[in-house]
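Structural overview
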Amino acid sequence: MSALTFTPSGIYCPVGDFYIDPWRPVARALITHGHADHARSSMGSYLATDIAAPVMRHRLGDIALDTIRYGETRQIGGATVSFHPAGHVPGSAQIKVEVAGEIWVASGDYKVIDDGLSTAFEPVKCHHFITESTFGLPVFRWSSQADVAAQINDWWAGCAAAGKTAFLGCYALGKAQRLLTMLDPSVGPILTHTAIENTNRIIRGQGILLPDTQLANAELNPKEYPGALVLAPPSALGSAWARKFGAQETAFASGWMALRGIRRRRAGDRGFVISDHADWSGLLAAIGFVAQIS
């Protein structure tokens, strides 16, 4: 019997009777990180890293959630389990499962570069590696974080000089906080949509340092923040809330911006190619490491 198998509810460990990132309700779920496509509601119990737990509670409410530190081992039935840094977002983990000397690793989402915010990716020796492949095509090759930061700050400065507010669309967990560490606050004020600022508060509450931001709620007067950059979920761009800021440019920060067709369909003024997933080279590097030690 394999340590892990694939079922209609997700990746399953028979001897431990648990699932990894299940997409249907199950009795016991081991969760790699807090994004909604990995941490879903209605599970009987959850196990995640201590760093991922606060955001999961914020998103899922009053759940039966146990925590584990990176590198700590836990015996669950006939399986020995440990969580290891994935470098995707704060608290994200690869889950290592060992059964009778056979070692499997379910990667969850990961990136192999150190973004300075999330705990850096840690290669884990195993016999079988279940890898994500969100950007598993050669067209996806990321520029350095410093180069993308320069592109974003130059665009923002241009917007400010033209008397426009710069709107940057990004995910509320992980991408928004990473972008915050890349922004140059000398350009102007940094404003945040409520969904992003709520996540910022949780992450700051864990002692993770983020630059100062101003909540852009209904009471905020945009005229008091000339030259601002606003971080917002993509769904908020072009909304009645966003239109209150007057003259503006919009941009999206995503690995999908590498594809011209998606950039055009988004109808933004700019697209910045940056992802919290591994690119083609990163995927090959991670898989190559496993191939060398299997």
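None of these values were measured; they are calculated from a predicted model.

**Quick look at helix H1 (residues 53–60)**
Buried residues of H1: Ala53, Val55 and Met56, and no others. Down the axis of H1, the sector holding all buried residues measures 160 degrees, keeping them to one side. In this fold, the buried residues of H1 make contact with strand E5 (45–49), strand E6 (65–68) and helix H4 (194–205).

**Focus on the packing of helix H3 (residues 175–182) against H4**
Think of two packed helices as two axes; the pair is described by the angle between the axes and how far apart they sit. Here H3 crosses H4 at 80 degrees, and the two axes come no closer than 10 Å. Considering their axes alone, H3 and H4 lie roughly perpendicular with respect to each other. On the side of H3, the interface is formed by Ala176, Gln177 and Leu180, while H4 contributes Ile196, Thr199, Asn200 and Ile203. For the contact of H3 with H4, the per-class residue count stands at four nonpolar, three polar and no charged.

**With respect to the packing of aromatic side chains**
The tally for this structure, following the rule as stated, stands at twelve aromatic pairs. Look at Phe135 and Phe140: their rings are 4.8 Å apart centre to centre, the planes differ by 65 degrees, and that puts the pair in the edge-to-face class. A residue is classified by how much of its surface remains accessible, and Phe135, at 2% relative accessible area, is buried. With a relative accessible area of 3%, Phe140 lands in the buried category. Their ring planes at 80 degrees and their centres at 5.0 Å tell us that Phe135 and Trp142 sit as a pair that is edge-to-face. Each member of the pair, Phe135 as well as Trp142, carries the same accessibility label: buried.

**Re the environment of Ser143**
Its location among the elements puts Ser143 in the loop between strand E11 (128–130) and helix H2 (145–161). Taking relative accessible area as the criterion, Ser143 reaches 45% and is therefore assigned partly exposed.

**What about the layout of surface pockets?**
Empty space left among the atoms is revealed by rolling a probe the size of a water molecule over them. Within this model, the largest pocket holds a volume of roughly 390 Å³. Taken together, 23 residues line the largest pocket, and the ones lying closest to its centre are His35, Asp37, Tyr171, Leu173 and His277. Considering each element in turn, the lining of the largest pocket owes the most residues, three residues, to H4. Each pocket or cavity is described by its volume, and for the second largest pocket that value is around 200 Å³. Every residue lining the second largest pocket is counted, 17 residues in all, and those nearest its centre are Ile11, Ile20, Asp21, His38 and Gly108. A class-by-class count of the residues in the lining of the second largest pocket yields six nonpolar, six polar and five charged.

**Examining the pairing of strand E10 (residues 102–106)**
Counting buried positions along E10 yields four of five residues, so the element is predominantly enclosed. Bridge count for strand E9 (residues 93–99) against E10 is five bridges, and the pairing is antiparallel. Counterpart to Ile95 in the pairing with E10 is Ala106. Bridge analysis of E10 against E11 gives three bridges, and the strand direction is parallel. Looking across to E11, one finds that Val105 is bridged to Phe129.

**Structural notes on empty space enclosed by the protein**
This model, assessed by the stated rule, comprises three cavities of 30 Å³ or more. Roughly 60 Å³ of volume is contained in the largest cavity. Together, Gly34, Ile51, Ala52, Val55, Val89, Pro90, Leu173, Ile203 and Gln206 line the largest cavity. The residue makeup of the lining of the largest cavity, split by class, is seven nonpolar, two polar and no charged.

**Quick notes on the sheet that holds E5**
Taken in spatial order, the six strands make up an open sheet running E1-E2-E3-E4-E5-E6, and their pairing is mixed. Only two strands of the sheet have a single partner each, and these edge strands are strand E1 (5–7) and E6. Mean inter-strand twist for the sheet, computed between neighbouring axes without regard to direction, equals 35 degrees. Relative to E5, strand E4 (residues 28–30) runs parallel, the two being bridged by three bridges. Its bridge partner being in E5, Arg28 is matched across the sheet by Ser45.

**What about H2?**
For H2, spanning 17 residues, the distance from its first C-alpha to its last is 24 Å, which sits close to the expected 24 Å at 1.5 Å a residue. Looking only at H2, the buried set comprises Gln145, Val148, Ala149, Ile152, Asn153, Trp155, Trp156 and Cys159. When H2 is viewed along its axis, its buried side chains cluster within an angular range of 160 degrees and face the same direction. What points out from H2, more than 90 degrees from its buried face, is the exposed set Ala146, Asp154 and Ala161. Where H2 is buried, its residues meet strand E12 (165–169), H3, strand E13 (190–192), strand E15 (229–232), strand E16 (248–253) and strand E17 (270–272). Looking at the residues trailing H2, positive phi occurs at Gly163, about 75 degrees.

Conventions and cut-offs
Residues numbered from 1 in each chain as written. Predicted model: local features only at pLDDT ≥ 70, side-chain atom pairs only at ≥ 80, totals over all residues. Heavy atoms only, no water. Buried < 20%, exposed > 50% of the residue type's maximum accessible area, 1.4 Å probe, protein only. Helix = DSSP H or I, 4+ residues; strand = E, 2+ residues; numbered from the N terminus. Arc of directions from axis to C-beta. Contact = heavy atoms within 4.5 Å. Axes fitted to C-alpha atoms, helices over the stretch in contact; angles between N-to-C directions. Parallel < 35°, antiparallel > 145°, perpendicular 65-115°, else oblique. Nonpolar A, V, L, I, M, F, W, Y, C, P; charged D, E, K, R; others polar. Phe/Tyr/Trp six-rings, centres within 6.5 Å; stacked < 30°, edge-to-face > 60°. 1 Å grid on protein atoms, 1.4 Å probe; cavity = no way out; pocket = protein on both sides within 12 Å on 5 of 7 lines; lining within 4 Å. Points joined across faces, edges and corners; volume = space filled by probe spheres on them. Pairing = 2+ DSSP bridges. Expected span 1.5 Å × (residues − 1).

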